[in-house]
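Close look at the chain arrangement
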Amino acid sequence: MIELDHYLKRDTVFTAAQDRQAKIADLLREEQFVAINTLTERFQISLATARRDLGDLEQAGVLRRTHGGAVSVNQVGQDPTHAARAISRQSEKAAIAAVAAGMIADGDAVFLDAGTTALEVAKILSARKGLTLISNGLDIVAELSRGEGNTIYSVGGEFTDTNRSYRGPHAESFIRQFNADKLILNASSIDLDRGQICTSTPMNASVQKAMIEVSSRVIVVADHSKFTKSSLSVTAKIEDVGVIITDVGTKTIIDTVPEKLRRKFVIAN
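Reference entry: report on the structure contained in this document. (Residues numbered from 1 in each chain as written. Predicted model: local features only at pLDDT ≥ 70, side-chain atom pairs only at ≥ 80, totals over all residues. Heavy atoms only, no water.)

Quick word on unusual backbone geometry
The condition that has to hold: Strands here are runs of E lasting at least two residues and helices are runs of H or I lasting at least four, both read from the DSSP assignment and numbered beginning at the N terminus.
At Gln44, a position not held by glycine, the phi torsion is positive, near 55°. Looking at the element boundaries, Gln44 is found in the loop between helix H3 (36-43) and helix H4 (47-59).

Focus on the nonpolar core
What counts, and what does not: Buried residues of nine kinds, namely Ala, Val, Leu, Ile, Met, Phe, Trp, Tyr and Cys, make up a nonpolar core once their side-chain atoms join them within 4.5 Å. Note on exposure labels: buried denotes an accessible area under 20% of the residue type's maximum, exposed denotes more than 50%, and partly exposed covers the range between, all computed with a 1.4 Å probe on protein chains only. By the convention used here, residues are in contact when the closest approach between their heavy atoms is within 4.5 Å.
The biggest cluster of nonpolar side chains holds 33 residues, and the ones touching the most others in it are Phe111, Ile190, Leu192, Val220 and Ile244. Elements with a contribution of two residues or more to this core: strand S1 (33-35), helix H9 (169-175), strand S10 (180-186), helix H10 (202-213), strand S13 (215-221) and helix H11 (251-254). Not counting residues up to four positions away in its chain, the partners in contact with Ile244 are Ile190, Ile197, Val220, Phe227, Ile238, Lys264, Phe265 and Val266. Ranked by size, the runner-up nonpolar core spans 23 residues in total, among them Ala118, Leu119, Leu131 and Leu133.

Examining the pairing of S13
To keep it simple, the criterion reads: Here, a strand pair is defined by DSSP locating no fewer than two bridges between the strands.
Among the seven residues that make up S13, five are buried, leaving the element largely enclosed by the rest of the structure. Relative to S13, S10 runs parallel, the two being bridged by six bridges. Following the sheet pairing, Asn186 is matched in S13 by Val221. In this structure, S13 lies alongside strand S16 (residues 243-247), joined through three bridges in parallel fashion. Paired with Ile219 across the bridge in S16 is Val243.

Details of the sheet that holds strand S15 (residues 233-237)
The condition that has to hold: Angles shown run from 0 to 180 degrees and are taken between the N-to-C directions of axes, each axis being a line fitted to C-alpha atoms and, for helices, limited to the stretch in contact.
Taken together, the three strands give an open sheet; going across it, the order is S11-S12-S15, and neighbouring strands pair in antiparallel fashion. At either margin of the open sheet sits one strand with a lone partner, and together these are strand S11 (189-191) and S15. Taking each pair of neighbouring strands and ignoring which way they run, the sheet shows an average axis angle of 30°. Running at roughly 20° to S15, H10 makes contact with strand S12 (196-199) and S15 of the sheet.

Concerning the packing of aromatic side chains
For clarity, the threshold we go by: A pair of aromatic rings is counted whenever rings of Phe, Tyr or Trp (Trp by its six-membered ring) have centres within 6.5 Å, and the orientation is called stacked for planes under 30 degrees apart, edge-to-face for over 60 and tilted otherwise.
One pass over the structure, following the stated rule, counts five aromatic pairs. Note on Phe111 and Phe178: the rings are 5.9 Å apart at their centroids and 85° apart in plane angle, and the pair reads as edge-to-face. Separated by 67 residues along the polypeptide, Phe111 in strand S5 (residues 109-112) and Phe178 in the loop between H9 and S10 bring together distant segments of the chain. Neither Phe111 nor Phe178 differs from the other in exposure class; each is buried.

Let's talk about the pairing of strand S2 (residues 63-66)
Where S2 and strand S3 (residues 69-72) come together, four bridges link them in antiparallel fashion. Looking at the pairing, Leu63 lines up with Ser72 of S3. Here S2 folds back onto S3, and the loop between the two strands holds two residues, one of which, Gly68, carries a positive phi near 80°.

A few points about the environment of Ser72
Examined against the element boundaries, Ser72 turns out to sit in strand S3. When its relative accessible area of 10% is taken as the criterion, Ser72 is described as buried. Between the C-alpha atoms of Ser72 and Glu30, which are 42 residues apart in sequence, the distance is 9.7 Å.

Concerning the packing of helix H2 (residues 16-31) against H4
The geometry of a pair of packed helices is captured by two quantities: the angle between their axes and the separation between those axes. What counts is decided by this rule: Between 65 and 115 degrees an angle is taken as roughly perpendicular, under 35 as roughly parallel, over 145 as roughly antiparallel, and anywhere else as oblique. Ten residue types, Ala, Val, Leu, Ile, Met, Phe, Trp, Tyr, Cys and Pro, are classed as nonpolar, four, Asp, Glu, Lys and Arg, as charged, and the remainder, Gly among them, as polar.
Following both chains from N to C, one finds H2 and H4 inclined at 70°, their axes separated by 10 Å at the closest point. With respect to H4, the element H2 is oriented roughly perpendicular. Contacts from Arg20, Gln21 and Ile24 in H2 reach Thr49, Asp53, Leu54, Asp56 and Leu57 in H4. Here the contact of H2 with H4 is built from residues that sort into three nonpolar, two polar and three charged.

Let's talk about the pattern of salt bridges
Formally: The salt bridge criterion pairs a side-chain nitrogen of Lys or Arg with a carboxyl oxygen of Asp or Glu, the two atoms within 4 Å.
Within the structure shown, the criterion is met by 14 salt bridges. Between Asp19 and Lys23 there is a salt bridge, and its shortest N-O distance comes to 3.4 Å. Of this pair, Asp19 and Lys23 both sit in helix H2, four residues apart, which is roughly one turn of that helix. The exposure class of Asp19 is partly exposed, given its relative accessible area of 35%. Using a relative accessible area of 45% as the deciding quantity, one classes Lys23 as partly exposed. Salt bridges sharing partners connect three or more residues here, namely Asp139, Asp161 and Arg164.

This is how it looks when you write it as structure tokens:
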């Protein structure tokens, strides 16, 4: 990968394009995603010039071009700590959870994948009655148990503190005993270029795939930050899930994706 400083300092004096590209790189460090329309308006340049800038920066290893703009080149090997995720983007997660919970019908059997957004869904579902709720998330099961009138199953297996969940062969075997109506699925990242929903480790992906296998409808819950990074392991193709619920921060990112995929998205306000 060519370092940005080396790329920009190849001439003694910055050209106007290099100066603008340095500012684009700074913007990416702050925002993680920039829409190409934002660049044309902010720098008063043509669409062709914006595309050329992004192409130069991609070649320099600074960013990765994507639908409607560019994302930083962060590769997620591991999820952030549970404590860090629990306090981030809480309002967005609450809005997403409200929409997801509204898709759960009385009498449904529902899997809730471990994660902080699914935990927000659990807070809502725990107040309802007549549901069958299954989760591999320790905090989610604890939240669900606060309510009354639902049947709750806890998935066992190897415990990981990263997202406070159970995983591994025992977890997968237990999951495959069920036949669920819905699955609330978390994602570490969503790759629009490749059309993939990803998670941080193969073990997490295996558990999620088992849940998908036994669920009639997959409801993905993911805030806008999940669209500006990539992850190690693929869980599913976007085209194979029922719906992806996200927040308004994702609008500019998905505006230019193919209609076939865009129909999968629901924006929570």
